[in-house]
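Examining the three-dimensional arrangement
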Amino acid sequence: MQGPAVQPNPVTVPIQRIIIVRNVKRSKANKPHLSSKKKRRQNLVRNSASGASARELLQAKEALERKTAELALSLSMMQATLDSTTDAIVVTDTRGNVRNFNEKYARLMGVTRAEMKKADVSKLRIKFSQRFKDPEEFVARVMEIYRMAPAETFEVLEWKDGTILERYSQVQLVDRKPVGRVWSFRDVTERKRAEENLEAAKVAAEQANQAKDDFLASLSNELRTPLTPAMIAARNLSDNKELASELRAAVMAIFRNVQLEAQLNDDLLNVTRITRGKIEVHHEVVDVHALLENAVTIVKSDITAKAIQFDVELVAPNHHIWADPVRIQQVFWNLMNNAVKFTPTNGQICTRSYNKDDQFVFEITDSGIGIDPARQASIFEPFHQGERSITRRFGGLGLGLTISKTLLDLHGGTIAVESAGQNKGTTFRVFLDLLSEPVAAEGKGIDGCATTSRKLRLLLVDDHADTRGVLSRLLVKCGHEVVTADSAAKALEILDSRRFDALISDIGLPETSGYELVRQAKQRHPLKGIALSGLGMEEDVRRSLEAGFDHHLTKPINFQELQSVLGKVLV
C-alpha cells in the first residue's frame with residue numbers, strides 16, 4: 001500500500017545577487033558617444049553643402065560680372081560705332097520714343113546730347129520739322145511710318161536752305177516681333193549738286209554735239225550746192241569727143257578734184273550719220289568685181305601719177321552679194337585711195353579677190369608706210385591716222401576707215417588690218433557674205449542720156465544759177481522740155497499756166513521752201529516731185545517724202561542718177 005506522499009526536505013541554496021536589466025530605449029542625450037559622431041558627420045555634410053552653394057554663388061556672381069562687363073563693352077562699342085558713322089542715326093521704340101542715338105543725330109537736331117536725352121520727342125520733332133520745305137508733310141510722314149510699320153522706308157528730303165537728306169529706316173525685330181525702328185539720315189547735298197552739275201554738263205554737251213551736227217549738215221549743204229554744177233559740167237565736157245586731148249585731161253583733173261571735195265564732204269556728213277546711227281543702206285544684187293573695177297578706175301590717175309605698180313587679181317569664182325552698191329564701192333574706194341596715198345612713188349599695190357567658205361574676200365596689200373602694231377587696234381577710230389604728222393603729210397580727215405568699218409558692219413561684213421610695222425606695208429582684208437545662188441547683177445550705164453519713149457515736161461527750180469543752168473542744158477540735150485525758176489513764187493506762177501510731168505526742185509529756196517512748193521504744186525496738177533538737196537540725212541529724206549516729193553537726190557547729184565529717176569517718171 002502506498003503510503004502518503006512524502007515532502008522532500010528543503011535544500012539550502014546559496015543566495016546570489018540577481019540584477020534585472022530592463023531594455024530601456026535611451027534618448028540621444030543619453031548616448032553621448034554615438035550622437036557626437038553622428039553630429040560630426042552631419043556637420044561635415046552640412047559644411048560641404050554650404051561650401052558648394054558658396055562656390056556656385058561665387059561663380060554665378062563672377063559670370064554676371066563678366067556678362068555685365070561684356071554688355072558694357074558692347075554698348076560702348078556700339079555707341080562708338082554709331083558716333084563714327086557718317087550718317088546721323090537714332091533708335092526708337094515702336095511709339096517713336098528715343099532709345100539711342102549718335103552725336104551726329106544730336107547735331108542734326110540742333111541740340112546737345114544732354115538736351116537730347118531730356119527733350120520731349122514730339123516737341124523736338126516739330127521743332128526739327130521747321131527746317132524742311134514742307135514741315136507738316138515731314139511730321140505726317142513720320143507718324144504714318146510708325147502707324148503702318150513698313151519693313152523699310154527711303155525718302156529724299158530737302159531743307160529750306162537747300163540741304164538735301166536721304167532718310168532710311170528699318171524695323172527692328174526680336175523673336176519676329178517689332179520692338180523699334182532704326183533711322184538714318186545722310187547729307188547728300190554735295191553729291192546731288194555734283195549729279196545736277198554732271199547732268200547739266202551732259203545736256204550742254206548733247207546740245208553742243210547737236211549744234212555741231214546741225215552745223216556740219218548746214219555746212220555740207222552749202223558746200224554741196226556749188227559742187228553740183230562743177231561736177232556735172234566737168235563730167236559732161238570729159239565725154240565730149242570733139243574736145244582736144246589736153247583739154248579733156250584738164251577737165252578730168254577738175255572732175256576728179258571736185259569729186260574728191262564731194263567725198264570729203266560726204267565723210268564729214270557720214271560721221272554725223274554714224275554718231276546718230278542714221279546711215280541708210282539700200283540692198284540689191286551686186287557684182288563685187290564690177291564695183292572693184294569702178295573703184296580702180298577712180299584712182300587710176302593717182303596710180304599713174306606716182307608710177308605705182310598696181311596689180312589686180314580678181315579671181316574669186318563667186319562674186320555676187322546682197323548689198324548697197326554705192327556704200328560697198330565707197331569702202332573699196334577708201335581702201336584703194338588710202339593704199340595709193342600711203343605708198344611712195346614707184347611702190348607696189350596688189351589687189352585680189354577669192355572665196356573663203358561662204359564669203360567673198362577682197363585683199364589689198366601695199367608697200368607703203370605701214371602701221372605700228374601698237375596703233376593697229378585704234379586704226380578704225382574716227383580722225384585716226386596714226387600721228388598728227390602723218391595727217392599733215394598725207395592730208396585727209398582720217399575718217400575713211402571708220403566709215404568703211406561702219407558700212408561693212410551694216411552689211412554683216414568685217415574688215416581686218418595687218419602690218420609688220422612702220423615702212424613695212426599694210427594689208428587690209430574685207431569679208432562679205434556671198435549670195436546662196438550667184439545671180440548676175442544688172443549693168444548700169446554711167447554716161448550719156450537715158451533713152452526715153454517721149455520727152456518730159458520738166459519744171460526746174462533752183463536759186464543757184466550755175467546748177468540751174470548746167471542741169472537745164474543737159475536735160476534739154478537729152479530731149480526734155482525744161483522751164484526754169486529761181487524761187488517758189490515764180491514756179492507757182494508758171495504752174496498756174498502750164499502743166500508738167502515732173503517738178504525738180506531745190507529744198508532750200510528763199511522765202512518759201514521746196515517743201516511748201518511741192519505741196520502747192522500737187523494741189524494744182526498731178527505731177528511727180530524730185531527733191532534736190534544738200535541735206536541727205538535719213539530725217540531729211542523722210543521729211544521730203546512726207547512733204548510730197550516722190551524722190552530725194554542729195555547734192556552733188558550724179559546726173560545719171562537723175563536720169564534714172566526720170567525714167568521712173570515715164571513709167
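Worth saying up front: this structure is predicted, and the values here are computed from it rather than measured.

**Brief notes about the pattern of salt bridges**
All told, the structure shown has 24 salt bridges when counted by the stated rule. The residue Arg-352 makes a salt bridge to Glu-363 at a minimum N-O spacing of 2.9 Å. With Arg-352 in strand β9 (residues 348-356) and Glu-363 in strand β10 (residues 359-366), this pair connects stretches of sequence that are 11 residues apart. Look at Arg-352 and you get partly exposed, because its relative accessible area is 29%.

**With respect to the side chain of Ser-169**
Its location among the elements puts Ser-169 in strand β4 (residues 164-174). Using a relative accessible area of 0% as the deciding quantity, one classes Ser-169 as buried. Looking at Ser-169, its side chain comes within polar contact range of the side chain of Thr-153, at 2.5 Å. Polar side-chain contacts of Ser-169 include one of 2.8 Å to the side chain of Arg-181. Beyond its immediate stretch of four places on either side in the chain, Ser-169 contacts Ile-145, Ala-151, Glu-152, Thr-153, Arg-181, Val-182 and Trp-183.

**A closer look at the sheet that holds strand β12 (residues 426-433)**
If you walk across this open sheet you meet the 5 strands as β7-β9-β10-β12-β11, and the pairing is mixed. On the outer flanks of this sheet lie β7 (309-314) and β11 (414-418), each paired with one strand and no other. Direction aside, neighbouring strands of the sheet carry axes that sit 15° apart on average. Judged from the 5 bridges that link them, β11 and β12 form a sheet pairing that is antiparallel. Each residue of the ladder has a partner; that of Glu-418, found in β12, is Thr-427. The strands touched by helix α8 (residues 288-305) within the sheet are β7, β9 and β10, with β7 carrying the most contacts at an inclination of about 175°.

**Structural notes on the sheet that holds strand β5 (residues 177-187)**
Here 5 strands make up an open sheet; going across it, the order is β2-β1-β5-β4-β3 and the pairing antiparallel. Each having just a single partner strand, β2 (98-101) and β3 (152-158) make up the two edges of the open sheet. On average, adjacent strands in this sheet sit at an angle of 20° to one another, irrespective of strand direction. Pairing between β4 and β5: 10 bridges, direction antiparallel. Counted as the bridge partner of Arg-167 is Phe-185 from β5.

**Observations regarding the layout of surface pockets**
A volume near 340 Å³ is recorded for the second largest pocket. Forming the walls of the second largest pocket are 24 residues, and the residues nearest its centre are Val-90, Thr-92, Val-98, Tyr-105 and Met-116. Where the lining of the second largest pocket is concerned, the elements lending two or more residues are β1 (88-93), β2, α2 (103-109), α3 (113-118), α4 (121-129), α5 (135-148) and β5. Among the residues making up the lining of the second largest pocket, the classes are represented as 15 nonpolar, 4 polar and 5 charged.

**What to know about helix α14 (residues 514-524)**
Turning to α14, its buried residues are Gly-514, Tyr-515, Leu-517, Val-518 and Ala-521. Viewed along the axis of α14, the buried residues span an arc of 160°, placing them on a single side of the element.

**A look at the environment of Asp-311**
When you line up the elements, Asp-311 lands in strand β7. Its relative accessible area of 30% is what places Asp-311 among the partly exposed residues. Separated by 41 residues in the primary sequence, Asp-311 and Arg-352 place their C-alpha atoms 8.1 Å from one another. Not counting residues within four places of it along the chain, the set of residues in contact with Asp-311 comprises Ile-349, Cys-350 and Thr-351. There is a polar contact of 3.3 Å between the side chain of Asp-311 and the side chain of Gln-309.

**What about the pairing of strand β16 (residues 528-533)?**
Sheet faces and side chains relate simply in a regular strand, where the side chains alternate between the two faces. Burial within β16 is extensive, with 5 of its 6 residues counted as buried. Here 5 bridges tie strand β15 (residues 502-506) to β16, and the two strands are oriented parallel to one another. Bridging across to β16, Ala-502 finds its partner in Lys-528. With respect to chirality, the unit in which β15 leads through α14 into the neighbouring parallel β16 is right-handed. Here β16 runs beside strand β17 (residues 551-554); their pairing, made up of 4 bridges, is parallel.

**Some words on the side chain of Thr-467**
Position of Thr-467 relative to the elements: it lies in helix α12 (residues 465-477). Accessibility expressed as a relative area gives 1% for Thr-467, which makes it buried. Reaching out from Thr-467, the side chain makes a polar contact with the side chain of His-464 at a distance of 2.9 Å.

Quick notes on the rules
Residues numbered from 1 in each chain as written. Predicted model: local features only at pLDDT ≥ 70, side-chain atom pairs only at ≥ 80, totals over all residues. Heavy atoms only, no water. Salt bridge = Lys/Arg side-chain N within 4 Å of Asp/Glu carboxyl O. Helix = DSSP H or I, 4+ residues; strand = E, 2+ residues; numbered from the N terminus. Buried < 20%, exposed > 50% of the residue type's maximum accessible area, 1.4 Å probe, protein only. Polar contact = N/O pair within 3.5 Å; in protein donor to acceptor, adjacent residues only side chain to side chain. Contact = heavy atoms within 4.5 Å. Pairing = 2+ DSSP bridges. Axes fitted to C-alpha atoms, helices over the stretch in contact; angles between N-to-C directions. 1 Å grid on protein atoms, 1.4 Å probe; cavity = no way out; pocket = protein on both sides within 12 Å on 5 of 7 lines; lining within 4 Å. Points joined across faces, edges and corners; volume = space filled by probe spheres on them. Nonpolar A, V, L, I, M, F, W, Y, C, P; charged D, E, K, R; others polar. Arc of directions from axis to C-beta. Right-handed = clockwise from strand over helix to strand, strands pointing away.

Geometry only, nothing functional implied.
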